[in-house]
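Below are the chains, spelled out letter by letter.
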Amino acid sequence: QVQLVESGGGLVQAGGSLRLSCAASGRTFSNPMGWFRQAPGKEREFVAAVSVRGTVSYADTVKGRFTISRDNAKNTAYLQMNSLKPKDTAVYYCAADPAWVRLVRTATPGYWGQGTQVTVSS
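As the structure is a computational prediction, the values presented were derived from the model and not from experiment.

## Brief notes about the pattern of salt bridges
Within the structure shown, the criterion is met by five salt bridges. Here Asp88 makes a salt bridge to Arg65, at a shortest N to O gap of 2.7 Å. Separated by 23 residues along the polypeptide, Asp88 in the loop between strand E8 (76-81) and strand E9 (90-96) and Arg65 in the loop between strand E6 (56-58) and strand E7 (66-71) bring together distant segments of the chain. Just as Asp88 is buried, Arg65 falls in that class too. Arg102 is the partner of Asp97 in a salt bridge, and the nearest nitrogen-oxygen pair spans 3.8 Å. Relative accessible area serves as the criterion here: at 4%, Asp97 is assigned to the buried category. Taken together, the shared-partner salt bridges connect Arg37, Glu45, Arg65 and Asp88 into one network.

## Concerning the sheet that holds E7
Across the sheet, which stays open at both edges, the four strands sit in the order E1-E3-E8-E7 with antiparallel pairing between neighbours. Each end of this open sheet is capped by a strand with a single partner; those strands are strand E1 (2-7) and E7. Pairs of neighbouring strands in the sheet enclose a mean axial angle of 15°, with direction left out of account. The pairing of strand E3 (residues 18-26) with E8 spans six bridges and is antiparallel. Bridging from a neighbouring strand, Leu18 pairs with Met81 of E8.

## Remarks on the pairing of strand E5 (residues 45-50)
Among the six residues of E5, five are classified as buried, and the element is accordingly described as predominantly covered. Across five bridges, the pairing between strand E4 (residues 33-38) and E5 is antiparallel. Looking at the pairing, Arg37 lines up with Glu45 of E5. Counting the residues in the hairpin turn of E4 and E5 gives six residues, including Gly41, whose phi is positive at 75°. In this sheet, E6 lies alongside E5 in antiparallel orientation, the contact comprising three bridges. In the strand pairing of E6, Val50 is matched with Val56. In this antiparallel pair of consecutive strands, E5 and E6, the connection spans five residues, and Gly54 shows a positive phi of 105°.

## Notes on the nonpolar core
As a rule of thumb, nonpolar side chains are buried together in soluble globular proteins. Core analysis: the largest hydrophobic core is formed by 35 residues, its most contacted members being Leu4, Met33, Trp35, Leu79, Met81 and Tyr92. Those residues within four positions of Leu4 in sequence are excluded, and the remaining contacts are Cys22, Ala23, Ala24, Phe29, Met33, Cys94, Ala95, Ala96, Tyr111, Trp112, Gly113 and Gln114.

## A word on the state of the cysteines
Tallying each qualifying case throughout the model produces one disulfide. Note on cysteine connectivity: Cys22 is disulfide-linked to Cys94, with sulfurs 2.0 Å apart. Residues Cys22 and Cys94 are joined by a disulfide whose S-S torsion is about -80°; by sign, that bridge is left-handed. Of this pair, Cys22 sits in strand E3 while Cys94 sits in strand E9, and the two are 72 residues apart along the sequence. Residue classification places Cys22 among the buried positions, given a relative accessible area of 0%.

Each value, and the rule that gives it
Residues numbered from 1 in each chain as written. Predicted model: local features only at pLDDT ≥ 70, side-chain atom pairs only at ≥ 80, totals over all residues. Heavy atoms only, no water. Salt bridge = Lys/Arg side-chain N within 4 Å of Asp/Glu carboxyl O. Helix = DSSP H or I, 4+ residues; strand = E, 2+ residues; numbered from the N terminus. Buried < 20%, exposed > 50% of the residue type's maximum accessible area, 1.4 Å probe, protein only. Pairing = 2+ DSSP bridges. Axes fitted to C-alpha atoms, helices over the stretch in contact; angles between N-to-C directions. Core = buried A, V, L, I, M, F, W, Y, C linked by side-chain atoms within 4.5 Å. Contact = heavy atoms within 4.5 Å. Disulfide = S-S within 2.5 Å.

Printed below as a string of structure tokens:
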């Protein structure tokens, strides 16, 4: 069993920055990790993913503003969010899956965190 715990959400003004963290625990963990988000009234959408070796993928809406990274020794992934916009307001979910495609293509990872709220005020 794998547990994912997010932290770092909060309220920030437009143009500001936040860093989200996702700590993985449980049995030996060596999976690609990613972030998704869901705004009110909208479907959950892919944000970014990082493989164990550091390959990254981003949604077009966040390229150039968000950076995903991971510390394999700590089993933790990070999402640095800069130049935040009100439309970035959403619940952000950490996710993980052994299959890269389930993060970046089908949005069906096997493991999810509980989510953390990010609110960007104008």
